[in-house]
Amino acid sequence: MYEGSMLALLFATYVIRGMWDYNRVPTQLREEVNAILIAEGQEDLIKQKE
């Protein structure tokens, strides 16, 4: 696992636990965070900017 993946996992964990809103996830990590959230059955937490 490289550094970006570890950061994505950290952001996904914070989003799942409700500590951070999805909008705080940096754009460059969103694809990885989305994949983690989907794998964890939490795709309802994925919000796209309007």
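Quantities reported herein were computed from a predicted structural model and do not represent experimental measurements. (Residues numbered from 1 in each chain as written. Predicted model: local features only at pLDDT ≥ 70, side-chain atom pairs only at ≥ 80, totals over all residues. Heavy atoms only, no water.)

Draft legend 1. Spatial organisation of the overall build of the chain. Along the chain, the regular secondary structure elements total two helices and zero strands. Here the chain holds 50 residues, and the buried ones make up 28% of them. Restricting the contact set of the chain to residue pairs at least 6 apart, pairs at least 24 apart contribute 39%. (Helix = DSSP H or I, 4+ residues; strand = E, 2+ residues; numbered from the N terminus. Buried < 20%, exposed > 50% of the residue type's maximum accessible area, 1.4 Å probe, protein only. Contact = heavy atoms within 4.5 Å.)

Draft legend 2. Main features of helix α2 (residues 30-39). Along α2, the positions that sit buried rather than exposed are Arg30, Val33, Asn34, Ile36 and Leu37. Along the long axis of α2, the arc covered by the buried residues comes to 165 degrees, so they all point the same way. Opposite the buried face of α2, by more than 90 degrees, sit the exposed residues Glu31 and Ala39. Positioned one or two residues after α2, Gly41 has a phi angle of 70 degrees, which is positive. (Arc of directions from axis to C-beta.)

Draft legend 3. Spatial organisation of the environment of Leu37. Counting through the fold element by element, Leu37 comes out in helix α2. Between the alpha carbons of Leu37 and Thr13 there is a distance of 8.7 Å; along the sequence they are 24 residues apart.

Draft legend 4. Quick peek at the pattern of salt bridges. For the structure on display, the rule yields one salt bridge. In this structure, Asp21 and Lys47 form a salt bridge, with 3.6 Å as the shortest nitrogen-oxygen distance. Here Lys47 lies in the segment after α2 and Asp21 lies in the loop between α1 (3-16) and α2, a separation of 26 residues in the sequence. Judged by relative accessible area, which is 35%, Asp21 ranks as partly exposed. We classify Lys47 as partly exposed; its relative accessible area is 41%. (Salt bridge = Lys/Arg side-chain N within 4 Å of Asp/Glu carboxyl O.)

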